[in-house]
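One-letter residues, chain by chain:
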Amino acid sequence: MRLTIDTDVVVAALRSPTGASAALLALLLEGKASWLLSVAMAFEYEVICMLAEHRLAANASEREVRNLLDAIFDVVVPVEVHYQWRPQLTDAGDEMVLEAAVNGRADAIVTFNGAHFKSAPGRFGIKLWKPAEALREIRK
């Protein structure tokens with residue numbers, strides 16, 4: 001299974017280590033599914049996860065967040081974006097997630113922001129899941 005994970009899911013895992021997002025990330029870090037990530041998304045993960053508000057909410061130091069990001073970057077499947085499909089979405093910030101999913105031939109995008117994506121992933125044969133749904137699919 002090939003998944004593109006939106007930044008909101010990584011932040012949720014950071015802030016709530018007992019939730020579905022954290023459990024999903026743990027399985028992905030164990031290699032239970034392929035985690036597709038473009039360079040643009042990697043930069044976004046870093047910028048957003050290192051924000052003081054998220055680190056404080058997670059009671060995590062900069063070093064702990066950096067260690068998590070390093071672990072993520074060690075296991076991802078890099079995606080080269082050869083073609084940009086813009087505009088497809090109402091939120092321009094989500095375009096890079098869709099582009100990574102399409103260019104990486106993802107089975108699904110995992111996000112809490114399904115309303116931002118609407119039917120766009122389906123046009124490319126990509127499912128749209130919340131973390132709990134992805135977790136169920138991986139555990140099957």
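A short tour of the structure in this document, coming up. Note that the structure is predicted; figures quoted are calculated from it, not measured.

### Details of the overall build of the protein
Phase 1: Secondary structure assignment for the protein yields nine helices and five strands.
Phase 2: Going residue by residue from the N terminus, the α and β elements of the protein occur as β-α-α-β-α-α-α-β-α-β-α-α-β-α.
Phase 3: Its C-alpha atoms give the protein a radius of gyration of 14 Å, within 12% of the compact-globule value 14 Å for 140 residues.
Phase 4: When its C-alpha atoms are laid out on the principal axes, the protein stretches across 40 × 35 × 25 Å.
Phase 5: With the model as given, the accessible surface of the protein reaches about 7,200 Å², and the carbon-plus-sulfur share is 52%.
Phase 6: Once the 15 positive and 18 negative side-chain charges of the protein are each reduced to a mean point, those two points are 6 Å apart.

### Regarding the packing of helix α1 (residues 7–15) against helix α3 (residues 39–49)
A packed helix pair is summarised by two numbers, namely the angle formed by the two axes and the spacing between the axes.
Phase 1: It is at 10 Å that the axes of α1 and α3 come closest, and there the two elements cross at 35°. Here the hand of the crossing between α1 and α3 comes out right-handed. Of α3, the residues touching α1 (which contributes Thr7, Val10, Val11 and Leu14) are Glu44, Tyr45, Ile48 and Cys49.
Phase 2: Split by residue class, the contact of α1 with α3 holds six nonpolar, one polar and one charged.

### Looking at the nonpolar core
Phase 1: Of all hydrophobic cores here, the largest spans 45 residues; its most connected members are Leu3, Ile5, Val10, Leu24, Leu28, Trp35 and Tyr45.
Phase 2: In terms of residue count, the dominant contributor to this core is helix α6 (residues 95–103) (six residues).
Phase 3: Residues in contact with Leu3, not counting those within four places in the same chain, are Leu28, Ala33, Ser34, Trp35, Leu36, Ala108, Val110, Trp129 and Ile138.

### Topic: the side chain of Thr4
Phase 1: In this fold, Thr4 is placed in strand β1 (residues 2–5).
Phase 2: Of the residues examined, Thr4 reaches a relative accessible area of 0% and is grouped as buried.

### Quick look at the packing of aromatic side chains
Phase 1: With the rule as written, the count across this model stands at one aromatic pair.
Phase 2: Summarising the aromatic geometry, the rings of Trp35 and Tyr45 are spaced 6.3 Å apart at their centres and angled 55° between planes, so their arrangement reads as tilted. Taken as a pair, Trp35 in strand β2 (residues 34–38) and Tyr45 in helix α3 lie far apart in primary sequence, ten residues in all. Each member of the pair Trp35 and Tyr45 is classed as buried.

### Focus on the sheet that holds strand β5 (residues 127–129)
Phase 1: Taken together, the five strands give an open sheet; going across it, the order is β3-β2-β1-β4-β5, and neighbouring strands pair in parallel fashion. Of all strands in the sheet, those bounded by a partner on one side alone are β3 (77–79) and β5. With direction set aside, neighbouring strand axes in the sheet form an average angle of 35°.
Phase 2: Looking at chain direction, β1 and strand β4 (residues 108–110) are connected through three bridges and run parallel. Residue pairing across strands places Thr4 opposite Ile109, the latter belonging to β4.

Reading the values: rules and limits
- Residues numbered from 1 in each chain as written.
- Predicted model: local features only at pLDDT ≥ 70, side-chain atom pairs only at ≥ 80, totals over all residues.
- Heavy atoms only, no water.
- Helix = DSSP H or I, 4+ residues; strand = E, 2+ residues; numbered from the N terminus.
- Rg over C-alpha atoms; globule rule 2.2 N^0.38 Å.
- Areas by Shrake-Rupley, 256 points an atom, 1.4 Å probe, with all protein chains shown as cover.
- Lys, Arg positive; Asp, Glu negative; His and termini not counted.
- Charge placed at Lys NZ, Arg CZ, Asp CG, Glu CD.
- Axes fitted to C-alpha atoms, helices over the stretch in contact; angles between N-to-C directions.
- Left-handed = near helix turned anticlockwise from the far one by under 90°.
- Contact = heavy atoms within 4.5 Å.
- Nonpolar A, V, L, I, M, F, W, Y, C, P; charged D, E, K, R; others polar.
- Core = buried A, V, L, I, M, F, W, Y, C linked by side-chain atoms within 4.5 Å.
- Buried < 20%, exposed > 50% of the residue type's maximum accessible area, 1.4 Å probe, protein only.
- Phe/Tyr/Trp six-rings, centres within 6.5 Å; stacked < 30°, edge-to-face > 60°.
- Pairing = 2+ DSSP bridges.

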